[in-house]
Amino acid sequence: MGRGPAPVARTAGRLRSALRHTAYPLLLAAVVLVVAATWHFHWDEGRVSPFFLVGTIGYLALLERVIPYEPAWHPGPGEWGWYGVYFLLTMAGGGLAQFGVTGAVRLLSPPSHPAVPLWAEVPSALLLGSLASYAVHRLSHRHRWLWRLHGVHHVPDKVNVGNNGVNHIVDIVLAQGTVQVALALAGFSAAAVFAAGLFVVAQGYFVHANIDVRLGRLNHVVASPEQHRLHHSTDLAEAGHYGSDLSVWDHLFGSYTWHPGRRPAAVGLQDPASFPGTGAVVESLLQPWRRPRRQAAAPAAPPR
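Attention in this report is confined to the structure presented alongside it. (Residues numbered from 1 in each chain as written. Predicted model: local features only at pLDDT ≥ 70, side-chain atom pairs only at ≥ 80, totals over all residues. Heavy atoms only, no water.)

Some thoughts on the overall build of the chain
Link 1 in the chain: Broken down by element type, the chain carries 10 helices and 0 strands.
Link 2 in the chain: For the chain, the residues scored as buried account for 47% of the 304 residues in total.
Link 3 in the chain: Here the analysis covers contacts within the chain between residues at least 6 apart in sequence; of these, 76% occur between residues at least 24 apart. (Helix = DSSP H or I, 4+ residues; strand = E, 2+ residues; numbered from the N terminus. Buried < 20%, exposed > 50% of the residue type's maximum accessible area, 1.4 Å probe, protein only. Contact = heavy atoms within 4.5 Å.)

Describing helix 6 (residues 169-186)
Link 1 in the chain: Its 18 residues place the ends of helix 6 26 Å apart at the C-alpha level, agreeing with the 26 Å of an ideal helix rising 1.5 Å per residue.
Link 2 in the chain: Listing the buried residues of helix 6 in full gives Asp171, Ile172, Gly177, Val179, Gln180, Leu183 and Ala184.
Link 3 in the chain: A positive backbone phi angle near 80° is found at glycine 187, which sits one or two residues after helix 6. (Expected span 1.5 Å × (residues − 1).)

Some points on the packing of aromatic side chains
Link 1 in the chain: For the structure shown, the criterion picks out 9 aromatic pairs.
Link 2 in the chain: A connected cluster of aromatic rings, assembled from ring pairs, spans Tyr134, Tyr242, Trp249 and Phe253.
Link 3 in the chain: Directly above the ring of tyrosine 69 sits arginine 229, whose terminal nitrogen or CZ lies 3.5 Å from the centroid. (Phe/Tyr/Trp six-rings, centres within 6.5 Å; stacked < 30°, edge-to-face > 60°. Lys NZ or Arg CZ within 6 Å of the ring centre and 35° of its normal.)

What to know about the nonpolar core
Among soluble globular proteins, nonpolar side chains are generally buried collectively.
Link 1 in the chain: Formed by 41 residues in total, the largest nonpolar core has its most connected members in Val31, Leu60, Phe199, Phe206 and Ile211.
Link 2 in the chain: The set of elements that each furnish at least two residues to this core consists of helix 1 (5-41), helix 2 (45-66), helix 4 (118-140), helix 6 and helix 7 (190-207).
Link 3 in the chain: Looking at which element gives the most residues to this core, the answer is helix 7, with 11 residues.
Link 4 in the chain: In contact with isoleucine 211, other than residues within four places in its own chain, are Leu60, Leu63, Glu64, Ile67, Pro68, Tyr69, Phe206, Pro225 and Arg229. (Core = buried A, V, L, I, M, F, W, Y, C linked by side-chain atoms within 4.5 Å.)

Section: the side chain of glutamate 226
Link 1 in the chain: Along the chain, the position of glutamate 226 falls in helix 8 (residues 225-231).
Link 2 in the chain: Comment: no salt bridge for buried glutamate 226; closest opposite-charge side chain is arginine 214, at 5.6 Å.
Link 3 in the chain: Among the polar contacts listed, one links the side chain of glutamate 226 to the backbone nitrogen of leucine 215, at a separation of 3.2 Å.
Link 4 in the chain: Look past the residues within four positions of glutamate 226 in its chain and what remains in contact with it is Val213, Arg214, Leu215, Asn219 and Trp258. (Lys, Arg positive; Asp, Glu negative; His and termini not counted. Salt bridge = Lys/Arg side-chain N within 4 Å of Asp/Glu carboxyl O. Polar contact = N/O pair within 3.5 Å; in protein donor to acceptor, adjacent residues only side chain to side chain.)

Comments concerning the pattern of salt bridges
Link 1 in the chain: In the structure shown here, the tally under the stated rule is 5 salt bridges.
Link 2 in the chain: Salt-bridge contacts for lysine 158 lead to glutamate 79; the nearest nitrogen and oxygen are separated by 3.2 Å. Residue lysine 158 is found in the loop between helix 5 (144-150) and helix 6, and its partner glutamate 79 is found in helix 3 (residues 77-107); the two are separated by 79 residues along the sequence.
Link 3 in the chain: For lysine 158, a relative accessible area of 11% puts it in the buried group.
Link 4 in the chain: Owing to a relative accessible area of 27%, glutamate 79 belongs among the partly exposed residues under this scheme.
Link 5 in the chain: A salt bridge links arginine 262 to glutamate 238; the shortest N-O distance between them is 3.1 Å. Of the two residues, arginine 262 is situated in the loop between helix 9 (248-252) and helix 10 (281-286) and glutamate 238 in the loop between helix 8 and helix 9; the sequence distance between them amounts to 24 residues.
Link 6 in the chain: Assessed through its relative accessible area of 27%, arginine 262 is described here as partly exposed.

Some remarks on helix 2
Link 1 in the chain: Spanning 22 residues, helix 2 covers 31 Å between terminal C-alpha atoms, matching the ideal 32 Å at 1.5 Å per step.
Link 2 in the chain: Where helix 2 starts, the residue carrying a side-chain oxygen 2.9 Å from the main-chain nitrogen of glycine 46 turns out to be aspartate 44.

With respect to the environment of glycine 204
Link 1 in the chain: Within the secondary structure layout, glycine 204 lies in helix 7.
Link 2 in the chain: Between the C-alpha atom of glycine 204 and that of histidine 228, which follows or precedes it by 24 residues, the distance is 9.9 Å.
Link 3 in the chain: Setting aside its immediate chain neighbours within four residues, glycine 204 contacts Asn164 and Ser244.

A closer look at a nonpolar patch on the surface
Link 1 in the chain: A cluster of nonpolar residues, Leu131, Leu252 and Phe253, forms a patch on the protein surface that exposes about 270 Å² of accessible area.
Link 2 in the chain: Along the polypeptide, leucine 131 turns up in helix 4.
Link 3 in the chain: The exposure class assigned to leucine 131 is partly exposed, which follows from its relative accessible area of 31%. (Patch = residues over 30% accessible without salt bridge, like charges linked within 9 Å, V, L, I, M, F, W, Y side chains within 5 Å. Areas by Shrake-Rupley, 256 points an atom, 1.4 Å probe, with all protein chains shown as cover.)

Some points on the packing of helix 4 against helix 6
Link 1 in the chain: Two elements in contact, helix 4 and helix 6, have axes whose closest approach is 9 Å; the angle formed by their N-to-C orientations is 145°. The two elements helix 4 and helix 6 meet at a crossing, and its hand is right-handed. Across the interface between the two elements, Ala125, Leu128, Gly129, Ala132, Ser133, Val136 and Ser140 of helix 4 pack against Asp171, Ala175, Thr178, Val179, Ala182, Leu183 and Ala186 of helix 6.
Link 2 in the chain: When grouped by side-chain class, the residues that make up the contact of helix 4 with helix 6 number 9 nonpolar, 4 polar and 1 charged. (Axes fitted to C-alpha atoms, helices over the stretch in contact; angles between N-to-C directions. Left-handed = near helix turned anticlockwise from the far one by under 90°. Nonpolar A, V, L, I, M, F, W, Y, C, P; charged D, E, K, R; others polar.)

Looking at the environment of threonine 90
Link 1 in the chain: Looking at the secondary structure, you find threonine 90 in helix 3.
Link 2 in the chain: By relative accessible area, threonine 90 is classed as buried at 6%.
Link 3 in the chain: A C-alpha to C-alpha distance of 9.5 Å links threonine 90 and asparagine 164, two positions 74 residues apart in sequence.

Structural notes on the packing of helix 2 against helix 7
Link 1 in the chain: Axis separation between helix 2 and helix 7 bottoms out at 10 Å; the angle between their running directions is 20°. With respect to helix 7, the axis of helix 2 lies roughly parallel. The handedness of the crossing between helix 2 and helix 7 is right-handed. Of the residues in helix 7, those touching helix 2 at Glu45, Val48, Ser49, Phe52, Leu53, Thr56, Ile57 and Leu60 are Ala190, Ala191, Phe194, Leu198, Val201, Ala202, Tyr205 and Phe206. (Parallel < 35°, antiparallel > 145°, perpendicular 65-115°, else oblique.)

Below is the structure:
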């Protein structure tokens with residue numbers, strides 16, 4: 001006789017439970033393996049990065065169906081279409097930011113035998129890049145005009161891997177350009193920038209994924225979806241967590257609000273009418289230079 005529905009359901013439940021704890025380690029393992037293979041086989045880093053990005057999005061999109069945090073946050077076909085448009089704009093913004101500083105990164109790379117070994121250079125590049133990203137992100141929530149750029153990302157009333165790419169192109173140029181300039185001025189090698197960048201890409205999409213994962217105490221070291229959902233909360237008192245890769249800066253600068261089991265009541269804008277809808281792409285791009293229809297809600301201030 002075949003197995004009954006109850007044992008099958010229990011087995012599926014155990015597998016989902018295991019995946020909630022292993023999904024992130026598997027993603028980190030992929031980062032390490034891709035970086036190591038790129039260095040060992042001397043692959044073109046510029047070609048590896050987009051393939052890794054597509055693979056990361058595919059992996060997380062699959063997890064959203066297997067271990068979703070909130071099934072109502074799954075994007076519909078129409079939403080995927082708009083997300084695709086914004087994704088292309090985000091890639092264009094990232095390309096523009098990188099184009100302006102790639103030459104400087106190459107120029108300022110350490111010599112063939114750097115004083116700092118690569119194993120120490122990579123975490124140093126990650127820390128500096130993360131600090132620069134945290135600073136510009138936090139400022140984007142405090143400065144009124146920068147918020148009119150960054151607020152485009154906060155328009156959706158759901159958080160998933162697809163709408164991580166919903167951004168204003170100028171916001172991406174400023175944010176990623178700041179990080180790239182910081183790394184270039186510090187003189188990190190191209191190899192170190194590549195390795196740190198791959199981790200940041202994985203983290204950026206991971207924290208935005210609509211997946212029910214459990215990192216436990218690791219939440220105090222790296223950012224996670226458990227924290228980033230609060231960053232998108234309509235309750236500004238809990239909408240801290242400006243770090244999307246490391247959470248140490250949120251701890252250091254007082255913007256860490258997460259504790260186990262904390263859930264946002266709702267996500268999106270506190271004042272939805274202050275920004276165009278996600279589907280209004282052209283209007284969203286022109287938003288920063290237009291007179292506000294109404295006084296926009298104050299950007300999320302860091303928790304006190």
